[in-house]
Amino acid sequence: MQINVVDHPLVAHKLTTLRDQRTDSATFRRLADELVTLLAYEATRDVRTESVDLITPVTATTGVRLTHPRPLVVPILRAGLGMLEGMVRLLPTAEVGFLGMIRDEDTLQPSTYTTRMPDDLSGRQVYVLDPMLATGGTLVAGINELIARGADDVTAICLLAAPEGVATMQRELAGAPVQVVTAAVDERLNEQGYIVPGLGDAGDRMYGLAG
Ligand SMILES: O=P(O)(O)OC[C@H]1O[C@H](OP(=O)(O)OP(=O)(O)O)[C@H](O)[C@@H]1O
Ligand SMILES: O=c1cc[nH]c(=O)[nH]1
Ligand SMILES: [Mg+2]
C-alpha cells in the first residue's frame, strides 16, 4: 500500500484552519470541499484516459478524455459526504456509491449501517472519501468490501491520518492495490482514538453533534 502526503502550502493553510476549534461548521464544510479538490489533483494522477480527436477553431488536434468504465467515488458517511462535491467537480463523469459506517466510541470497532454500490467493481477505478484515518478500522473494512466486489484499483483520500492507522492499513492491506492520499500524518492517537493534534470529530464539526 502506498501513502502520498501532499506537501503544498495551500493544503497546509486550509488544514490549519480546519484544525482551529474556532472554525464554524459552514467554514469547515467549505474548506473540506476546497481541500479535497487539491488532494484529488494528486490522487487522480493515474486516472484512466483515452485520446480523442477534435477540431479547435484553428485546427484539428488530439486531446484526452476520461475513459469508460466511469470511475466510482465512494464517500464513507457521514463525514465523507463533506468531500463528495469537491471530488465529483473534478471527476464529472464519475458514478457515486455510498458506504455508511460508524465507529463504536468504546471499542473503536467500525460497523456498516448502509451500502449502496454496484455489485461488480471489476475493472473500475475507485476513489474512497473519508476525512479521518484514525485506527484505520473503518477504511480497512470499507476497502475490503470494495475488493470483495472485484475492485483492483482503490485510492483513499483522507484529510488527515494517524501513524497508527497508516500502519494498520499497511499491515491489513499488504499487497492490495490501494493507495492513500492525505494532507498530513499527525503525531498519534489519544486514549479515545482521536487523532492528535487532529481536528476533532470531523462528522460533528461538519454537521453538528449526532443525536
Ligand atoms: O480510522 P477509524 O478509527 O476507524 O476512525 C475513522 C472514522 O471515524 C469517523 O467516523 P465516525 O464513526 O465518527 O462517523 P461519522 O462520520 O458519522 O461521524 C471518521 O469519519 C472515519 O470514518
Ligand atoms: O480524530 C478523529 C478520529 C476519528 N474520527 C474523527 O472524526 N476524528
Ligand atoms: Mg464522527
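Residues numbered from 1 in each chain as written. Chains lettered and ligands numbered in written order. Predicted model: local features only at pLDDT ≥ 70, side-chain atom pairs only at ≥ 80, totals over all residues. Heavy atoms only, no water.

For the protein, the name recorded in an unreviewed UniProt entry is Uracil phosphoribosyltransferase, with Streptomyces gossypii as its organism. In the Sequence similarities (unreviewed entry) part of its UniProt record, the protein is described as follows: "Belongs to the UPRTase family." Under the Catalytic activity (unreviewed entry) heading, UniProt states for the protein: "UMP + diphosphate = 5-phospho-alpha-D-ribose 1-diphosphate + uracil". (UniProt positions renumbered as here; feature names shortened; annotations may be inferred.)

Caption draft 1: Focus on the UniProt feature "binding site: 5-phospho-alpha-D-ribose 1-diphosphate" (unreviewed entry) in the protein. Per the UniProt entry, the sites bearing "binding site: 5-phospho-alpha-D-ribose 1-diphosphate" (unreviewed entry) are Arg78, Arg103, Asp130, Pro131, Met132, Leu133, Ala134, Thr135, Gly136, Gly137, Thr138 and Asp201 in this numbering. The annotated residues named above include Arg78, Arg103, Asp130, Pro131, Met132, Leu133, Ala134, Thr135, Gly136, Gly137, Thr138 and Asp201 as those lining the largest pocket. Among the structural elements, Gly136 can be located in the loop between strand S9 (132-133) and helix H4 (137-148). Within the secondary structure, Thr138 is located in helix H4. The buried category is assigned to Thr138, whose relative accessible area is 16%. For Thr138, the contacting residues outside a window of four places in its chain are Ile76, Met101, Arg103, Pro110 and Asp130. (1 Å grid on protein atoms, 1.4 Å probe; cavity = no way out; pocket = protein on both sides within 12 Å on 5 of 7 lines; lining within 4 Å. Helix = DSSP H or I, 4+ residues; strand = E, 2+ residues; numbered from the N terminus. Buried < 20%, exposed > 50% of the residue type's maximum accessible area, 1.4 Å probe, protein only. Contact = heavy atoms within 4.5 Å.)

Caption draft 2: Summary view of the UniProt feature "domain: Phosphoribosyltransferase" (unreviewed entry) in the protein. Residues given the UniProt feature "domain: Phosphoribosyltransferase" (unreviewed entry) here are residues 5-208. Structurally, residues 5-208 comprises 32% helix and 28% strand, and the distance from its first C-alpha atom to its last is 28 Å.

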